[in-house]
Amino acid sequence: AKDLSDSFGLVAGGMEDGAVRIWDVQALSRGNQGDRYRGLVFQTSPDQRQHQGAVAGLQFNELTPAMFASGAADGSLCVWDLGNGGNPSIVPLQTPQGNVRDSVTDLAWNPKVQHVFGNTSSTGWTVVWD
């Protein structure tokens with residue numbers, strides 16, 4: 001398995017079907033242009049997907065480059081750690097009881113505190129996760 005945390009230039013994408021895929025930028029520039037899996041180093045399998053709706057927000061953590069967060073139309077949020085080689089650990093976040101799981105529209109990491117990020121929702125709510 002490839003150690004994703006040591007890769008140079010990763011790009012992550014959230015898909016319409018809830019999947020998350022990660023590409024190695026250097027590998028994208030090499031190889032067969034017709035190969036749709038060229039540079040792909042990780043993708044969630046259907047049984048591994050944490051999002052049931054389209055992924056609308058996804059951002060790497062600048063202070064901890066092996067981590068990123070993702071949020072989706074179904075209201076789900078996850079923190080991903082790529083430091084485990086080819087098997088990223090995924091931490092789904094629980095919405096507080098009684099809150100409606102609004103569609104996540106965007107998210108961003110705090111640039112000064114490595115474990116804090118916030119997300120916005122389709123109904124205008126903003127939540128800061130600490």
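Residues numbered from 1 in each chain as written. Predicted model: local features only at pLDDT ≥ 70, side-chain atom pairs only at ≥ 80, totals over all residues. Heavy atoms only, no water.

As for the packing of aromatic side chains
For step 1, the next point in the chain: Per the stated rule, a full pass over the model turns up five aromatic pairs.
For step 2, the next point in the chain: Both rings, one in Phe42 and one in Trp80, keep their centres 6.3 Å apart while their planes meet at 70°; by these two values the pair is edge-to-face. Separated by 38 residues along the polypeptide, Phe42 in strand E3 (residues 40–43) and Trp80 in strand E6 (residues 77–81) bring together distant segments of the chain.
For step 3, the next point in the chain: Relative accessible area serves as the criterion here: at 0%, Trp80 is assigned to the buried category.
For step 4, the next point in the chain: When the ring of Phe68 is compared with that of Trp80, the centres are 5.3 Å apart and the planes differ by 5°; the resulting orientation is stacked. Placement of the pair is Phe68 in strand E5 (residues 67–72) and Trp80 in strand E6, with a sequence separation of twelve residues.
For step 5, the next point in the chain: For Phe68, a relative accessible area of 0% gives the class buried.
For step 6, the next point in the chain: Each member of the aromatic cluster is reached from another via a ring pair, and the members are Phe42, Phe60, Phe68 and Trp80. (Phe/Tyr/Trp six-rings, centres within 6.5 Å; stacked < 30°, edge-to-face > 60°. Helix = DSSP H or I, 4+ residues; strand = E, 2+ residues; numbered from the N terminus. Buried < 20%, exposed > 50% of the residue type's maximum accessible area, 1.4 Å probe, protein only.)

Here we look at the nonpolar core
For step 1, the next point in the chain: Judged by nonpolar contacts, Ala12, Val20, Ile22, Phe42, Val55, Ala66, Phe68, Cys78, Trp80 and Leu82 together constitute the single largest core of ten residues.
For step 2, the next point in the chain: Looking at this core, the elements that each hand over two or more residues are strand E2 (20–24) and E6.
For step 3, the next point in the chain: In this structure Ala12 touches Arg21, Ile22, Trp23, Leu58 and Phe60, once residues within four positions along its chain are discounted.
For step 4, the next point in the chain: Formed by nine residues, the second largest nonpolar core is a distinct cluster that contains Leu93, Val104, Leu107 and Trp109. (Core = buried A, V, L, I, M, F, W, Y, C linked by side-chain atoms within 4.5 Å. Contact = heavy atoms within 4.5 Å.)

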